[in-house]
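Here is how the chains run, residue by residue.
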Amino acid sequence: MSGEDEASIRYYGLLKSMGDTYGFIKCKRTQELYNRDVYITKSDLPDGGEVSKPVSFQVHLNDRGRPQAREVRVEETMPEESEEEQPEELQKAHSAPLPSTKSPPSSSPPRSMELKPLSAFFTSL
């Protein structure tokens, strides 16, 4: 899925906290995808947005690769969608694997762990 397609998906959550400049949105779907709450700047929160109120938003990955809310809207209620009722593109987004930040395991041990014969450590007396 391209970044453009991903950015058009709307997620729903609750405004968990809001400080002077930023806060966090709690969302089950994005928690499953990114394993964290969604960061939101105070300037992205529309009027009427209050802690514990439902919001909808799009996700943008910031320069640290973390989810940040964009195009935030204050909602009256949270939708009651089941996995089967979601649009196909949303199901694909939630089932797509996340990019790995770890390199795959190597088939050989690192050089520092290579086994050496004991004779290499002892000199003749």
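Given the structure is predicted, the values throughout are model-derived calculations rather than measurements. (Residues numbered from 1 in each chain as written. Predicted model: local features only at pLDDT ≥ 70, side-chain atom pairs only at ≥ 80, totals over all residues. Heavy atoms only, no water.)

Where do I start with the side chain of Ser-56 in this structure?
Locating Ser-56 in the fold gives a position in strand 4 (residues 54–61). The class for Ser-56 is buried, based on a relative accessible area of 0%. Within the structure, Ser-56 has its side chain in polar contact with the side chain of Arg-10 (distance 2.9 Å). (Helix = DSSP H or I, 4+ residues; strand = E, 2+ residues; numbered from the N terminus. Buried < 20%, exposed > 50% of the residue type's maximum accessible area, 1.4 Å probe, protein only. Polar contact = N/O pair within 3.5 Å; in protein donor to acceptor, adjacent residues only side chain to side chain.)

Please clarify how the packing of aromatic side chains should be interpreted in this entry.
Aromatic ring pairs are reported here in terms of the distance separating the ring centres and the angle at which the planes meet. For the structure on display, the rule yields four aromatic pairs. Residues Tyr-22 and Tyr-39 carry aromatic rings whose centres are separated by 5.5 Å and whose planes lie at 25° to one another, so their mutual orientation is stacked. Linking Tyr-22 in strand 2 (residues 22–26) with Tyr-39 in strand 3 (residues 38–41), this pair joins segments that are 17 residues apart in sequence. Looking at Tyr-22, the relative accessible area reads 42%, which means it is partly exposed. The class of Tyr-39 is partly exposed, set by a relative accessible area of 25%. (Phe/Tyr/Trp six-rings, centres within 6.5 Å; stacked < 30°, edge-to-face > 60°.)

Would you mind showing me how to read the environment of Gly-23 here?
With respect to the secondary-structure elements, Gly-23 resides in strand 2. When the C-alpha positions of Gly-23 and Val-38 are compared, they lie 8.4 Å apart, and in sequence the two are 15 residues distant. With near-sequence residues (within four places) excluded, Gly-23 lies in contact with Ser-17, Met-18, Val-38, Tyr-39 and Ile-40. (Contact = heavy atoms within 4.5 Å.)

Just to check I follow, could you spell out the side chain of Asp-37 for this structure?
By the element assignment, Asp-37 lies in the loop between helix 2 (28–34) and strand 3. Within the structure, Asp-37 has its side chain in polar contact with the side chain of Lys-16 (distance 2.6 Å). Setting aside its immediate chain neighbours within four residues, Asp-37 contacts Lys-16, Phe-24, Ile-25, Lys-26, Gln-31 and Pro-67.

Explain the pattern of salt bridges here, please?
Here the idea is simple: oppositely charged side chains can pair when their charged atoms come close. Taken as a whole and assessed by the stated rule, the structure comprises two salt bridges. Close ionic contact of Asp-37 with Lys-16 constitutes a salt bridge, the shortest N to O distance being 2.6 Å. Residue Asp-37 is found in the loop between helix 2 and strand 3, and its partner Lys-16 is found in strand 1 (residues 11–18); the two are separated by 21 residues along the sequence. A residue is classified by how much of its surface remains accessible, and Lys-16, at 46% relative accessible area, is partly exposed. Here Arg-70 ties to Asp-44 by a salt bridge, and the two come within 3.4 Å at their closest N and O atoms. A residue pair is termed long-range when its members are at least 10 positions apart, and Arg-70 in strand 5 (residues 67–74) and Asp-44 in the loop between strand 3 and strand 4 qualify at 26 residues. (Salt bridge = Lys/Arg side-chain N within 4 Å of Asp/Glu carboxyl O.)

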